[in-house]
Amino acid sequence: MSISKTRGFLYWLARLLGDINAVRRGREGRRIARRAAGKATGRALGKLFK
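The model shown is predicted, which means the values in this text are computed figures rather than measured ones. (Residues numbered from 1 in each chain as written. Predicted model: local features only at pLDDT ≥ 70, side-chain atom pairs only at ≥ 80, totals over all residues. Heavy atoms only, no water.)

1. Some thoughts on the overall build of the protein chain
When helices and strands are counted, the protein chain shows 2 helices and 0 strands. Relative to its length of 50 residues, the protein chain is extended, with a C-alpha radius of gyration of 14 Å against a globular reference of 10 Å. With the principal axes as the frame, the protein chain shows a C-alpha extent of 40 × 30 × 5 Å. The proportion of buried residues among the 50 residues of the protein chain is 2%. Summing over all exposed atoms, the protein chain offers an accessible surface of approximately 4800 Å²; the carbon and sulfur share of this is 61%. (Helix = DSSP H or I, 4+ residues; strand = E, 2+ residues; numbered from the N terminus. Rg over C-alpha atoms; globule rule 2.2 N^0.38 Å. Buried < 20%, exposed > 50% of the residue type's maximum accessible area, 1.4 Å probe, protein only. Areas by Shrake-Rupley, 256 points an atom, 1.4 Å probe, with all protein chains shown as cover.)

Printed below as a string of structure tokens:
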């Protein structure tokens, strides 16, 4: 298993654990909104610096 695959798996696992933690605390709506905002910002910056 390569380092990039291992790192990708660890990032995926961290996102999953964050989602589980948000559900347990009753803050899933807040997390969904922040993830959507972060994704939109990342795409906008990607297009800006392309």
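2. Points about the pattern of salt bridges
Two side chains with opposite charge may pair up if their charged atoms get near one another. Across all of its chains, the model carries 2 salt bridges by this definition. Of the charged contacts in the structure, one is a salt bridge between D19 and R31, with a shortest N-O distance of 2.5 Å. Of this pair, D19 sits in helix α1 (residues 3-25) while R31 sits in helix α2 (residues 28-48), and the two are 12 residues apart along the sequence. Of the residues examined, D19 reaches a relative accessible area of 26% and is grouped as partly exposed. A salt bridge links D19 to R35; the shortest N-O distance between them is 2.8 Å. Within this pair, whereas D19 is found in helix α1, its partner R35 is found in helix α2, the two being separated by 16 residues in sequence. (Salt bridge = Lys/Arg side-chain N within 4 Å of Asp/Glu carboxyl O.)

3. Concerning the packing of α1 against α2
Where α1 meets α2, the closest approach of the two axes is 8 Å, and the angle between their N-to-C directions is 145 degrees. Contacts from R15, G18, D19, A22 and V23 in α1 reach E28, R31 and R35 in α2. Within the contact of α1 with α2, the residues separate by chemical class into 2 nonpolar, 1 polar and 5 charged. (Axes fitted to C-alpha atoms, helices over the stretch in contact; angles between N-to-C directions. Contact = heavy atoms within 4.5 Å. Nonpolar A, V, L, I, M, F, W, Y, C, P; charged D, E, K, R; others polar.)

4. Looking at a nonpolar patch on the surface
On the surface, a nonpolar cluster with roughly 760 Å² of combined accessible area is contributed by M1, F9, L10, W12, L16, L17 and I20. When you line up the elements, L17 lands in helix α1. (Patch = residues over 30% accessible without salt bridge, like charges linked within 9 Å, V, L, I, M, F, W, Y side chains within 5 Å.)

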